[in-house]
Amino acid sequence: MTAPEALSDASAKPPAAPAATSWRDGLAVYLQPRVLIVLLLGFSSGLPLALSGSTLQVWMKEAGVDLGTIGLLALIGTPYTLKFLWAPLVDALHVPLFTQVFGRRRGWLLLSQLLLIAAIVVLAVADPARSPWFAAFAALLVATASSTQDIVVDAFRVESLPESEQAAGMASYVAAYRVGMLVSTAGALFIVSGFESAGLARSSAWMWGYMVMATLVVIGIVTSLAATEPVQSRGAEAATHAQNAAERVLHAALGAFSEFLSRKDALAALAFVVLFKFTDAFSGTMTAPFVIDLGFSKVDYAAIVKGVGLAATLIGGFAGGFVARRYSLATSLWIGGVLQAVANLSFSWLAHVGVDQWALALAITAENFTSAIGTVIFVAYLSALCRNPLHTATQYALLTALAAVGRTYLSSGAGYIAKAVGWQVFFVICVVVAIPSLILLLWLQRRGHFDELGPVRV
């Protein structure tokens, strides 16, 4: 029996029942060195996303770029959508010098992080007011390096943590990811405002704000250097040592895709993955321009949208976990799908109220809380779809890339729609776009799709 066959055979065996642990043991697992490494890598993964997204949108809005062009910036997220295409390369190929010195996963981690620093610096020196398309190109480089880092971090997390630490590792990763996003949104805006208060011109303040964000990637580099190469990665390297690079890439790619597409209703499930978070993506693409256009300041945006929003997101994450444990996966997806769609009406209400910080806090709390519930349940669904340990990294990259299609392509025209119908009607439309995903959910439920996945633990 070959090593891959042995791994597949092992994955077919039912998992052993987990041993009972005390609450002290449950807390202690979060202090394990492996879990702490994953936590810091989560921060490194969350940091760059907003730099090519919502933070860049605020910068462009202040630079005078029109709403239609800002809406098209959603296309910058293309690498997050297509990352499954080069995930097999990350799985199979060696990075000259880096792999020999640091190992298969750590070598790719360090390379992607160094490229990320370089890309953020290029974006920092861009001027959206004079050349918005060059700034968009630089942001595309940031997104490419960031999505590559995500591929490696996902694989590293799965391979480095034993089963008893996977849940703690995922929880730590998600929390740190959110903190990284907060730093690159609220933190970046506070820093830019601080530079402006110190007398710097607005364009210079934005440049140095992005330079500060580039230096924070060093946290991920130090973490990668402090980490140890996963045992599973070394085992996979040994199992495929006799294959050349092309054979390794072909095996990683074809095995992952063919195994997934051979399942019943695979295409419908993939369509559902694309559409489930579309309602969030469609409204989220225009949240930053909406808040600024309504008359709120950068400080309001940073403190309320990102500060209060983070608290609502974390609480919503716990609520989503409760829902997923209390109800079946299909019922949980119904709850999350409906709540995250209806919450968009809070923005329609805010557009009617106007500039009111308490109203903004309430709308952001409602939207982020329900969005987090939907996200936790959705991640549980994606995890349930990735059942073969031979292809977990590539399949997860495929699914998360498809989930980004709504944010990247389907939402690219959101700015033109908002410009044409106004903010109140726009956020009503954001509710309506959730209907196709709910129709697919009903169809998959009736086809027994969720029964085949079995019980899902969150």
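Look up: the structure comes first, before these words.
All of the points below concern the structure found in this document. Note that the structure is a prediction, hence the values are computed from the model and not measured.

The rules behind the values
- Residues numbered from 1 in each chain as written.
- Predicted model: local features only at pLDDT ≥ 70, side-chain atom pairs only at ≥ 80, totals over all residues.
- Heavy atoms only, no water.
- Helix = DSSP H or I, 4+ residues; strand = E, 2+ residues; numbered from the N terminus.
- Buried < 20%, exposed > 50% of the residue type's maximum accessible area, 1.4 Å probe, protein only.
- Contact = heavy atoms within 4.5 Å.
- Areas by Shrake-Rupley, 256 points an atom, 1.4 Å probe, with all protein chains shown as cover.
- Salt bridge = Lys/Arg side-chain N within 4 Å of Asp/Glu carboxyl O.
- Patch = residues over 30% accessible without salt bridge, like charges linked within 9 Å, V, L, I, M, F, W, Y side chains within 5 Å.
- Axes fitted to C-alpha atoms, helices over the stretch in contact; angles between N-to-C directions.
- Parallel < 35°, antiparallel > 145°, perpendicular 65-115°, else oblique.
- Nonpolar A, V, L, I, M, F, W, Y, C, P; charged D, E, K, R; others polar.

With that settled, consider the overall build of the chain. Secondary structure summary: the chain contains 28 helices and zero strands in total. Counting every position in the chain, which comprises 458 residues, the buried fraction comes to 53%. Once local pairs closer than 6 in sequence are excluded, the contacts in the chain between residues at least 24 apart make up 84%. Carbon and sulfur atoms form 69% of the exposed surface of the chain, whose accessible area is close to 19600 Å².

A word on the pattern of salt bridges. Pairing between side chains of opposite charge can happen when their charged atoms approach one another. Under the counting rule described, the total for this entry stands at seven salt bridges. Arg 447 is paired through a salt bridge with Asp 265; the nearest N and O atoms lie 2.9 Å apart. Here Arg 447, found in the loop between helix 27 (435–446) and helix 28 (449–453), pairs with Asp 265, found in the loop between helix 15 (245–261) and helix 16 (266–275); they are 182 residues apart in sequence, far enough to count as distant. When its relative accessible area of 38% is taken as the criterion, Arg 447 is described as partly exposed. Between Lys 277 and Asp 280 there is a salt bridge; the shortest N-O distance is 2.7 Å. On the basis of relative accessibility, which here comes to 9%, the residue Asp 280 falls in the buried class. Bridged by salt links that share partners, the residues Glu 62, Glu 196 and Arg 202 form one connected network.

Here the focus is helix 21 (residues 345–353). Every buried residue belonging to helix 21 is among Ser 346, Phe 347, Ser 348, Leu 350 and Ala 351, and all of these are buried. Tucked into the core, helix 21 has its buried residues touching helix 18 (287–294), helix 20 (329–342), helix 22 (357–385) and helix 26 (423–432). In the stretch just after helix 21, Gly 354 is the one whose phi turns positive, near 95°.

With that settled, the discussion passes to a nonpolar patch on the surface. Together, Val 338, Val 342, Leu 345, Val 428, Val 432, Ile 435 and Ile 439 make up a nonpolar patch on the protein surface, roughly 560 Å² of accessible area in all. Counting through the fold element by element, Ile 439 comes out in helix 27.

With that settled, consider the packing of helix 21 against helix 22. Where helix 21 meets helix 22, the axes come as close as 9 Å, and the angle between the chain directions of the two elements is 170°. Taken together, the axis directions place helix 21 and helix 22 in an arrangement best described as roughly antiparallel. Residues Ser 346, Phe 347, Trp 349, Leu 350 and Val 353 of helix 21 lie in contact with helix 22, whose contacting residues are Ala 359, Leu 360, Leu 362, Ala 363, Ile 364, Ala 366 and Glu 367. Looking at the contact of helix 21 with helix 22 residue by residue, the class counts come to 10 nonpolar, one polar and one charged.

The phi angle at Leu 97 is positive, at roughly 70°, despite the residue not being glycine. What makes Leu 97 exposed here is its relative accessible area of 60%. Unlike most non-glycine residues, Asp 265 shows phi in positive territory, near 55°.

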